[in-house]
Amino acid sequence: MNQAVTLSVDQGVALIRIDNPPVNALSPEVIGGLDAAIDRASGDDSVLAIVIIGAGRTFIAGADIKGLEQLAWGSDSGAPEMHELLQKLEDTRKPVVMAMHGTALGGGLEVAMAGHYRVAVPDALMGQPEVNLGIIPGAEGTQRLPRLVGLEKAIEMCVSGKPIKAADALSAGLIDRVIDGELAAGASAFAREMASRTGALPKTRERQDKLPPASALPGMLTAGRDLARKTRRNLEAPVAVVDALEAAATLPFAEGCARERDIFFRLAKSEQAKALIHAFFAERGVSKVPGVSKDTVAAPVHRVGIIGAGTMGGGIAMACANAGINVHLTDASQEALDRGIATIRKNYDVSVKRGRFTPAQVDERMARIAPQVGYDGFSDVDLVIEAVFENMALKKQIAGSVASQGKADQVFATNTSTLDIDEIAAATGRAAKVIGLHFFSPANVMRLVEIVRGNATSPETLATAMAVAKKLGKVGVVVGNGPGFVGNRLMFPYMYETQFLVEEGATPAQVDRALTDFGMAMGMFAVDDMAGLDVGARVRTALGHFSDPRERRPLVHERLVAAGRLGQKRGAGWYRYDEPRTPTPDPEVETLIRSLAADAGIEPRAITDDEILDRAILALVNEGAKALEAGVAARASDIDVIYVNGYGFPGWRGGPMFYADRRGLGEVLERIRAFHRQHGERWRPAALLVDLVSRGATFRDADRARRT
Ligand code: T1G
């Protein structure tokens, strides 16, 4: 036994408690402690049955991912050695009952499946999320899970990586009982019941009854591989996990486990595992903000006032209502308000059709959103979020009239994506309570929120905004107040590069295909059409881009706007949209591009996909380095989190800065220097990049140096 695992005996039940905060990860101490505890309980004649339970907020949330990170980067010391413990658990002669609350994930569920029985509280979550880290279950989970829930359910759980709730687990055969009352007591009672039974204890590894007949196998495996390829595009692990699950249905248990291990270790050192584990810790790292400690008091937020019921305001209202927060939603006119509420209702109806919410849940959420004209009650809300269209004068007027009326600890947030937070804050007379909360459309879906820190924003206001982002289930990344903050600041050089490429000979479709082949969720031209070309034009003007006449400026975008081709909402932009959201290349646009380029003396040439990718992605990287230099981004990993969660950058590449590291900053700098020679000032390499290359360092090294 050790600090991480304790044992107590009560009325014949040995209660083995795992206590390894914050999430009872399977560290070597936990594995060693469990092993010793089982030995003790097995050897104690007063013990009739054993219950294994987690202390704190959860059962075991998996192997220690810090160890997996070491394994991914080459040291074998991080590999979880679990086989002996699992065998010992299963071969114990006294009933072993796994009692689950919070999350039983990855290695945690694998430990649970080696027990003879499993019980859980109703809101416990159980799953094999390993594919989200670029690996597969490595502790015999791919061999035991199909034996408990059948091959199809096992494939669904392992390919999606999504956890299931206790009720689903019970009907699937993963657990034996749902415990409504106090878990330890309920599990102990269940264990005594099992101990009173005669007959052999059920060993999962010996179960065959749930495995499919050989005749059904090919169909299930094909469906599984199709599911993996369709729903987890470009990811290796979801396809590989089906191979391991196949072994469960075709090989004896021990051979199946060996097959699993081979696949596990091959993937554990893969580039995708490195990238996805980086993304995991990068996302957790955003909560470490200089000046904001665990002791900084965040004001509680139970009531929010949202100004503007348009696309953004409506989406933010839904995100708040989904998180159980009451919302006052206002707009300038009853008509605008009604339109906003109707859109919210329509979006919820779509969620019901997709099975995300029940009609009752929608009614509950709609009841939380109180539409009103005027600001009645706004002085008492905990947080005001202003989401009116991008106009400084209007935002300052609203900030001045609303924020100045607010109760003392009220926070005023603006959803601006381009405007100066400090200027808006100055209009309130209480700048310490003002912050930027930059949501991404659709705000009820997109996980990212840029939390924009103004010069006067207090640590408490920052802590409150970070807590609100977490409560909304968002990833809140704190950024500095600069033009375009971080996300948009990087996106513009990326977008302009794609527009220059089509002037030089590529087509929008070729550029977008190269980007989606690279793994981007959408090509840049399709994104521009979805967001609306007029929005891009307004932001460009607001940020003062191309105010220097010597600068090369894109030729086509403003002509499309002038022609009313604003994108999807007008059925035409860079593409034509006969079907609502299906882009079709439009020869009219290609003719326009060619003629404007010719007028500007630009000779069309053949452009490779490699050049497209380098000019687009490396524009992101170079600007990212400049954002770090300017201090608007605190860490390179924050930029990765912003691009993976807000701009459709592939998580399996870790994010633009991680991608550059893996590619080799030396090669990246060389390419950028070549573009600088060819295309001029806009490609001047960032000083930070030049410095890192000169020291043979990476963005990851720079982040680590910042942490110390
Ligand atoms: N290992 C190490 N640290 C972990 C961890 C883990 N498995 N899970 C969480 N943490 C840390 C996290 O970094 C953060 O630290 C703190 O806990 C709180 O996390 C053999 C090989 C459990 C649902 O993929 O999904 O088992 O920032 O902010 O929002 O087959 O954490 O405070 O310093 O996310 O309440 C499989 C990963 C591993 C689950 C809780 N397991 N974790 O969410 O808190 S692979 C997973 C989560 C495996 C086996 C294989 C979530 C959570 P810090 P948090 P949360």
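Preceding block: the structure.
This part is about the sheet that holds strand S12 (residues 369–373). Pairing between the strands of a sheet comes from backbone hydrogen bonds, and it takes one of two forms, parallel or antiparallel. With mixed pairing, the eight strands of this open sheet are ordered in space as S12-S11-S10-S13-S14-S15-S16-S17. Each having just a single partner strand, S12 and strand S17 (475–480) make up the two edges of the open sheet. Averaged over all neighbouring strand pairs, the angle between strand axes comes to 25°, with direction disregarded. Alignment of strand S10 (residues 303–307) against strand S13 (residues 383–386), held across four bridges, turns out to be parallel. Its bridge partner lying in S13, Val 304 is registered against Leu 383. The strands that helix H14 (residues 334–353) touches are strand S11 (326–331) and S12; relative to S12, the one it contacts most, it runs at about 165°.

Before going further, it helps to examine the pairing of strand S6 (residues 117–120). Side chains Tyr 117 and Val 119 of S6 all project onto a buried face; the interleaved residues Arg 118 and Ala 120 project onto the opposite face, where all are buried too. Pairing analysis gives four bridges linking strand S4 (residues 96–100) to S6, with the strands arranged parallel. By the bridge assignment for S6, Val 97 is matched with Tyr 117. Pairing analysis gives two bridges linking S6 to strand S9 (residues 177–178), with the strands arranged parallel. Residue Val 119 lies in a different strand from S9, and its bridge partner there is Arg 177.

The full set close to the ligand counts 29 residues, and Arg 57, Ala 63, Gly 107, Glu 110 and Lys 288 are the nearest of them. With respect to the ligand, the backbone of Gly 107 contributes an N or O atom lying 2.8 Å from an oxygen atom. Residue Lys 288 places a side-chain N or O atom 2.5 Å away from an oxygen atom belonging to the ligand. Alone, the ligand offers 1000 Å² of accessible surface; in the complex the protein occludes 79% of this. Element by element, the count of residues in the shell around the ligand is highest for helix H12 (residues 271–285), at three residues.

Turning to the sheet that holds strand S7 (residues 125–127), a few remarks are in order. Pairing in this open sheet of three strands is mixed, and the strands run S5-S7-S8 from one edge to the other. Of all strands in the sheet, those bounded by a partner on one side alone are strand S5 (103–105) and strand S8 (164–165). With two bridges joining them, S7 and S8 adopt antiparallel strand pairing. Residue pairing across strands places Leu 125 opposite Lys 165, the latter belonging to S8.

This part is about a positive patch on the surface. Together, Arg 57, Lys 66, Arg 284, Lys 288, Lys 294 and Lys 470 make up a positively charged patch on the protein surface. Of note, Lys 294 is situated in the loop between H12 and S10. When its relative accessible area of 84% is taken as the criterion, Lys 294 is described as exposed.

This next bit is on the side chain of Lys 153. Take Lys 153: it is sitting in helix H6 (residues 151–160). Since its relative accessible area comes to 15%, Lys 153 is described here as buried. If we skip the residues at most four places from it in the chain, Lys 153 touches Ile 164, Asp 168 and Ala 172.

Take the environment of Val 477 next. Note on placement: Val 477 falls in strand S17. Sequence separation of Val 477 and Gly 285 is 192 residues, and the distance between their C-alpha atoms is 9.3 Å. Residues contacting Val 477, with those up to four places away along its chain left out, are Val 286, Leu 448, Val 449, Glu 450, Ile 451, Asp 638, Val 641 and Ile 642.

What counts, and where the lines are drawn
- Residues numbered from 1 in each chain as written.
- Predicted model: local features only at pLDDT ≥ 70, side-chain atom pairs only at ≥ 80, totals over all residues.
- Heavy atoms only, no water.
- Pairing = 2+ DSSP bridges.
- Helix = DSSP H or I, 4+ residues; strand = E, 2+ residues; numbered from the N terminus.
- Axes fitted to C-alpha atoms, helices over the stretch in contact; angles between N-to-C directions.
- Contact = heavy atoms within 4.5 Å.
- Buried < 20%, exposed > 50% of the residue type's maximum accessible area, 1.4 Å probe, protein only.
- Near = heavy atom within 4 Å.
- Polar contact = N/O pair within 3.5 Å; in protein donor to acceptor, adjacent residues only side chain to side chain.
- Areas by Shrake-Rupley, 256 points an atom, 1.4 Å probe, with all protein chains shown as cover.
- Patch = residues over 30% accessible without salt bridge, like charges linked within 9 Å, V, L, I, M, F, W, Y side chains within 5 Å.
- Salt bridge = Lys/Arg side-chain N within 4 Å of Asp/Glu carboxyl O.
- Lys, Arg positive; Asp, Glu negative; His and termini not counted.
- Charge placed at Lys NZ, Arg CZ, Asp CG, Glu CD.

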